[in-house]
Amino acid sequence: MKTLKERPRRGFFLKKAELINVLIKSNCAAFQWTLRGMISQNHMSKIREYLKESKAEIAHVKWPSKKDTIIVTVLVIVISVSVAYLLGLLDSVFTIGLEKLLP
């Protein structure tokens, strides 16, 4: 079967039936599941396994304490405001300097 790029165009869009045929014959598994209206038991078991592994992985994460989170948040805010002030100061200096150089 020809891919979408190889097919001759009959206008800008493919007909709905042609698009469905291309998607069915392609390896678009998500579309095929949607088209069938259900997910097989094999896919459900894979989804369950993924969720169990994700939960186990999250249990291994060392989350920061509330105190650490507050300190880092305040630090980010202070640095952001400082950089904004510095850039504004430099912008003012360059603006004044250019206004004096260029009459």
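Residues numbered from 1 in each chain as written. Predicted model: local features only at pLDDT ≥ 70, side-chain atom pairs only at ≥ 80, totals over all residues. Heavy atoms only, no water.

On to the overall build of the protein. From N to C terminus, the protein includes four helices and zero strands. Sequence-ordered secondary structure for the protein, helices as α and strands as β, is α-α-α-α. Split into buried and exposed, the 103 residues of the protein put 3% on the buried side. As displayed, the protein has an accessible area near 9,900 Å², and 68% of this comes from carbon and sulfur atoms. (Helix = DSSP H or I, 4+ residues; strand = E, 2+ residues; numbered from the N terminus. Buried < 20%, exposed > 50% of the residue type's maximum accessible area, 1.4 Å probe, protein only. Areas by Shrake-Rupley, 256 points an atom, 1.4 Å probe, with all protein chains shown as cover.)

Here we take up a nonpolar patch on the surface. A contiguous nonpolar surface patch, about 1,000 Å² in accessible area, is contributed by L75, I79, V83, Y85, L86, L87, L89, L90, V93 and F94. Relative to the helices and strands, I79 is located in helix α4 (residues 66-101). (Patch = residues over 30% accessible without salt bridge, like charges linked within 9 Å, V, L, I, M, F, W, Y side chains within 5 Å. Salt bridge = Lys/Arg side-chain N within 4 Å of Asp/Glu carboxyl O.)

Taken residue by residue, the protein gives an average pLDDT of 77. The fraction at 70 or more is 60%. Per-element confidence in the protein ranges from a low mean pLDDT of 54 for helix α2 (residues 29-36) to a high of 96 for α4. (pLDDT = per-residue confidence, 0-100.)

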